[in-house]
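Letter by letter, the chains look like this.
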Amino acid sequence: MGKTHERIEGRLRTFIEEQPLFFTATAPLGDDGTINLSPKGVRGSFAVIDELTVAYLDFAGSNAETVAHLRENGRITLMWCAFQGPPNIVRVHGRGEPVFRDDPRFPGLLDHFPEVDPTPHGLRAIIVVTAELVRDTCGYAVPFMSYDEDRSLHADRFRREDDESLSAYFEKKPDIATSIDGLPGVPLPLPAMPSPSAG
């Protein structure tokens, strides 16, 4: 039923780029650590960089489990489901890295997301994932569901913040600078948002 792919290309790439929602799963190394599973939305916040590399924008939120786990061990799985059309589930298993605002690579990576303005969403980092195993499976049990539109609530909430106030907001939250399990999360204070690269 399942098929392994050597690259993210063709039909596979088209499928994942068309989905309005995907999920990320990470975990710390410790046996008693908290496994994290997160939904990711906002149209335009995911990009295929090349045949083995994908990336997504890590927006403001009340915790930073994915960032913390990636900083500790790099393991991540991304999953997309077909809620419309032919059934399909695609998983990308690989190694991820959070690229923060003060990283020289940040502006160039930001160029891969021309369809979304990250400013009102409180962008913290860009998560870059190198695929090690790419598989799709049938998805026969996934229900049909319709996509209406993105919620405006996230942008409505965080567009009120500038870099300084956003950093202050993060510093008040217990699970941003460190994870639920006490691992290093988003480095604070938050650096200023750089502009996209000129090239």
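The present account deals with the structure reproduced in this document. All values reported here derive from a predicted model rather than from experimental measurement. (Residues numbered from 1 in each chain as written. Predicted model: local features only at pLDDT ≥ 70, side-chain atom pairs only at ≥ 80, totals over all residues. Heavy atoms only, no water.)

**Comments concerning the pairing of strand E2 (residues 22–26)**
Thinking step 1. Here E2 shows a clear split, with Phe22, Thr24 and Thr26 buried on one side and none of Phe23 and Ala25 buried on the other.
Thinking step 2. Bridging between E2 and strand E6 (residues 75–81) involves 3 bridges; their strand directions are antiparallel. Directly across from Thr24, in E6, lies its bridge partner Leu78. (Buried < 20%, exposed > 50% of the residue type's maximum accessible area, 1.4 Å probe, protein only. Helix = DSSP H or I, 4+ residues; strand = E, 2+ residues; numbered from the N terminus. Pairing = 2+ DSSP bridges.)

**Digging into the environment of Ser146**
Thinking step 1. Inspection of the secondary structure assignment puts Ser146 in the loop between strand E8 (125–137) and helix H4 (153–158).
Thinking step 2. Ser146 sits in the exposed class, given a relative accessible area of 56%.
Thinking step 3. Sequence-wise, Ser146 and Pro187 are 41 residues apart; in three dimensions their C-alpha atoms are separated by 38 Å.

**Points about the packing of aromatic side chains**
Thinking step 1. Under the counting rule described, the total for this entry stands at 6 aromatic pairs.
Thinking step 2. Note on Phe22 and Tyr56: the rings are 5.4 Å apart at their centroids and 75° apart in plane angle, and the pair reads as edge-to-face. Here the residue Phe22 occupies a position in strand E2, and Tyr56 occupies one in strand E5 (residues 53–58), the gap between them amounting to 34 residues. You'll find Phe22 and Tyr56 in the same group, each marked buried.
Thinking step 3. With centroids separated by 5.5 Å and ring planes inclined at 75°, the aromatic side chains of Phe158 and Tyr169 adopt a geometry described as edge-to-face. With Phe158 in helix H4 and Tyr169 in helix H5 (residues 163–172), this pair connects stretches of sequence that are 11 residues apart. (Phe/Tyr/Trp six-rings, centres within 6.5 Å; stacked < 30°, edge-to-face > 60°.)

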